[in-house]
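# Understanding the architecture of this molecule
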Number of protein chains: 2
Amino acid sequence: MASSTESNTRPIRLADIAKAAGVSHGTASNVFSRPEIVREEVRERVKAAAEALGYAGPDPKGRLLRAGKVNAIGVATTEPLSYFFDDPFARAMMAGISEACDATGAGIALVSAGNQEKLAWNIQSALVDGFILFCIEGGSRLVELTRERKLPFVALELGFDDDTVSAIGVDNVAGARLAARHLAELGHRRFAVLALPFADGSTGLVSPEQVRTALYTGTRDRLVGYFEALSQFGVDTAGIPVYETENDEASTRAGLETIFASAEPPTAILAMSDRIAMIAIEWLTARGIAVPGDVSIVGFDGVPDAALCDPPLTTVAQPIAEIGRRAARTILDFDGTVRRETLGVELVVRASSGPPPKAV
Amino acid sequence: MASSTESNTRPIRLADIAKAAGVSHGTASNVFSRPEIVREEVRERVKAAAEALGYAGPDPKGRLLRAGKVNAIGVATTEPLSYFFDDPFARAMMAGISEACDATGAGIALVSAGNQEKLAWNIQSALVDGFILFCIEGGSRLVELTRERKLPFVALELGFDDDTVSAIGVDNVAGARLAARHLAELGHRRFAVLALPFADGSTGLVSPEQVRTALYTGTRDRLVGYFEALSQFGVDTAGIPVYETENDEASTRAGLETIFASAEPPTAILAMSDRIAMIAIEWLTARGIAVPGDVSIVGFDGVPDAALCDPPLTTVAQPIAEIGRRAARTILDFDGTVRRETLGVELVVRASSGPPPKAV
DNA sequence: CACCTTTGTTGGATCGATTCAAATTTTGCT
DNA sequence: AGCAAAATTTGAATCGATCCAACAAAGGTG
């Protein structure tokens, strides 16, 4: 019940204290923004007036309009807000973004929403100097929405070929080659791929046609990398089942059901994300299929959790934090140019991959 | 090098398109904010003009000043920004906050900074409707800083006795009693406490004097709860070492060194956070001390990770997400009153606690 | 003492929108 | 056609600050 009596009085403005102190609003403003240029006696008088009236200091809302710069960068996704705190990949990325923001004193505004309509509104009304976009699914919509704000923005992962948008990602082809070569060198010849989305809203086994017309070229590139490397080992890539998941538990499990219903199940799984890989490990282990004894798995991303699961995951590690750092820098130091960066990846061999079982 | 030619032309304003379309700016504004009240013919004309000039839509910076509401809540801490994505407790809390924000379409602005000076500035200039404060260390400073903004704010964990600030926390005394009673009932009689900070910047063994003058009453209350319960079992609480940590690895390890240097080391450890407890488990295990065979440990908080460590941690679970949800609601539905809520906790028994070893 | 600096202060213009009472146009009806 | 009611449109006021050119006062110099 505190402060209910004074609740009808409207907040104190700078002009109010200027009047109270008997100075112009210009001087009053200076007292707060450049105190050194106003005479001490006056400065004290204004400060006293501010104190007496209970002035909260210059309202950033007012300052903002004049200054133009918000000094905050928006991070947007089509997922719910909690994605930023739950998903390991997002978290690692946010750590990198945080670091760059901490260094320059910029703030972070998280932008998302329950539904598409609100998302559009939230992007339109976000008070930020630029956006970093997490382009998971619905990435293209997100890009379109953001483009209309006419603010600098950068997409994480070069999701599409559109050269007009800044993007930071990794060399997916090279990374995928690394993963596939590793398994082939261990002796594997029967593979399955658990893929990320090629397009919005579809899941299931993927046809070459779908691959060719993939909306998400990152997914396609990884597949290309897998196949390139495997071809070099004489593997018939046409016979490899490629199951498109939504990078979640349900679709990954469905994919595994499909793949292992086969008469000749694979001895090695190429998973396009660590998330998928870890779900797969759990699924296989629960069914008594040994990893890597019976089936080897290689993930993609290199999230911190991957080192901690059982068995620890062999994976293609992206420099996630570095991507985040660069993305933030791109917005913070925006110079009007489109910037597309491709970073290198690294194969991290752990315990989820080994030679295929002897007897077939 | 895109768009370098047009970079010197200043952004299009609503007034520009009003002129171009030959209507007043009032009408132009209505086209965007209340399209239904303007005649279709005019509406189309204005939209066409906007399209032609490349207008990005009403600038939120301008709208904000008039509207007054930002529609975002600030979450502040004295830790670096990455704290929100690294710390399990913070993450669970943010998940609850996210949920409430998603539901109402509000945004989240993360506020922090590398140093104290920037922190002050960032709090003063954050564009938010209110704050949620993570009061770890330096909590009192954070509260003072925020209070000056004269915006609604709520402190997480009733860190201090100050009744003028809204706060949401748990019943620390009751929770601590639960933990201590559990261990006493298992037969333990020799205890040690790994505490959270009692005041800023101090660590080490704590004297009763320090406890009495504790800045953080949450820490004090937990200790009081521990001692109350143990006294009932005839344990001499005066002989229990209480080591103040900073809730991090270094100080916790130092505390363990101190505690286990004793001739009669404890058989049970009361840790005031899961973080501390998990660090302790790791430290003990690495030294060949079995948990719970040789030493039992009970944590506090109930972060998700606690269920996954080895052995799974017995702990006093706070309704973390619920606290977050309520905190967000408190800001979102602010009614001018001070609100202090105390939520219940629950003992979750897992494998880190068991009877003390037989032979002493 | 006139003149030039230096230092401080003033008040109008501006940032980009929304709002609302008043003015204007349309529509409906006889 | 005439007139009241309804539907649109206008333009000034406002939100809360910062910026800056112009001015005033004080200090220094020949």
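Heads up: these notes are all about the structure in this document. Source: prediction; values computed, not measured.

What counts, and where the lines are drawn
- Residues numbered from 1 in each chain as written.
- Chains lettered and ligands numbered in written order.
- Predicted model: local features only at pLDDT ≥ 70, side-chain atom pairs only at ≥ 80, totals over all residues.
- Heavy atoms only, no water.
- Least-squares fit on C-alpha atoms with pLDDT ≥ 70 in both.
- Contact = heavy atoms within 4.5 Å.
- Helix = DSSP H or I, 4+ residues; strand = E, 2+ residues; numbered from the N terminus.
- Expected span 1.5 Å × (residues − 1).
- Buried < 20%, exposed > 50% of the residue type's maximum accessible area, 1.4 Å probe, protein only.
- Arc of directions from axis to C-beta.
- Pairing = 2+ DSSP bridges.
- Axes fitted to C-alpha atoms, helices over the stretch in contact; angles between N-to-C directions.
- Near = heavy atom within 4 Å.
- Polar contact = N/O pair within 3.5 Å; in protein donor to acceptor, adjacent residues only side chain to side chain.
- Nonpolar A, V, L, I, M, F, W, Y, C, P; charged D, E, K, R; others polar.
- Buried area = accessible area lost by both parts, 1.4 Å probe.
- Salt bridge = Lys/Arg side-chain N within 4 Å of Asp/Glu carboxyl O.

Rotating chain A by 180 degrees and translating it 0.0 Å along the rotation axis places it on chain B, where the RMSD comes to 0.1 Å. The operation mapping one copy onto its partner corresponds to a two-fold rotation axis. Using C-alpha coordinates, one finds that chain A approaches the rotation axis most closely at Ala109 of chain A, a distance of 2.1 Å. Here 100% of the interface residues in chain A have copies in chain B that are interface residues too; the copies meet face to matching face.

Residues and elements named next belong to chain A. Taking 1.5 Å as the rise per residue, helix 12 (residues 249–260) with 12 residues should run 16 Å; its terminal C-alpha atoms sit 16 Å apart, in good agreement. Every buried residue of helix 12 is accounted for by Ser251, Thr252, Gly255, Leu256, Ile259 and Phe260. End-on, the buried residues of helix 12 take up no more than an arc of 155 degrees, which puts them together on one face. Elements that come into contact with the buried residues of helix 12 comprise strand 6 (191–195), strand 8 (242–244), strand 9 (268–271) and helix 13 (274–286).

So, about the sheet that holds strand 3 (residues 131–134) of chain A. Across a sheet, paired strands are connected by hydrogen bonds in the backbone, their directions being either parallel or antiparallel. Taken together, the 12 strands give an open sheet; going across it, the order is 12(A)-5(A)-4(A)-3(A)-1(A)-2(A)-2(B)-1(B)-3(B)-4(B)-5(B)-12(B), and neighbouring strands pair in mixed fashion. Taken across any chain shown, the strands that pair with only one partner, and hence form the sheet edges, are strand 12 (340–343) of chain A together with strand 12 (340–343) of chain B. Averaged over all pairs of adjacent strands, the angle between their axes in this sheet comes to 20 degrees, without regard to strand direction. Sheet analysis places strand 4 (residues 153–156) of chain B next to strand 5 (residues 166–170) of chain B, joined by 3 bridges and oriented parallel. Note that in strand 5 of chain B the partner of Ala155 of chain B across the bridge is Ala167 of chain B. Here helix 8 (residues 139–147) of chain B sits on the sheet and contacts strand 1 (72–77), strand 3 (131–134) and strand 4 of chain B; the angle it forms with strand 3 of chain B, its principal contact strand, is near 165 degrees.

As a further point, take the protein's contact with DNA strand C. Neighbouring DNA strand C are 24 residues, the closest being Val42 of chain A together with Arg13, Leu14, Ser29 and Asp59 of chain B. Each atom of DNA strand C within 4 Å of the protein was assigned to sugar, phosphate or base; sugar and phosphate come to 62%. His25 of chain A places a polar side-chain atom, nitrogen or oxygen, 2.8 Å from a base oxygen of DNA strand C. At 2.9 Å, a side-chain N or O of Arg66 of chain B approaches a sugar or linking oxygen of DNA strand C. Those elements that place two or more of their residues in the surface near DNA strand C are helix 2 (25–33) and helix 4 (60–67) of chain A together with helix 2 (25–33) and helix 4 (60–67) of chain B. Looking at the surface near DNA strand C, the element that brings in the most residues is helix 4 of chain B, giving 4 residues. Tallied by class, the residues present in the surface near DNA strand C amount to 8 nonpolar, 9 polar and 7 charged.

Time to look at the interface of chain A and chain B. In this assembly, 49 residues from chain A lie in contact with 49 residues from chain B. Of the roughly 3800 Å² buried where chain A meets chain B, counting both sides, 59% is carbon and sulfur surface. When the buried area of chain A at its contact with chain B is split by residue, Lys61, Phe85 and Asp102 of chain A rank highest and sum to 18% of it. At the junction of chain A and chain B, the tally comes to 0 salt bridges. Contributing elements (two or more residues each) for the side of chain A that touches chain B: helix 4, helix 5 (83–86), helix 6 (88–104), strand 2 (107–111), helix 7 (116–125) and helix 8 (139–149) of chain A. Here the residues of the side of chain A that touches chain B are counted per class, giving 25 nonpolar, 16 polar and 8 charged.

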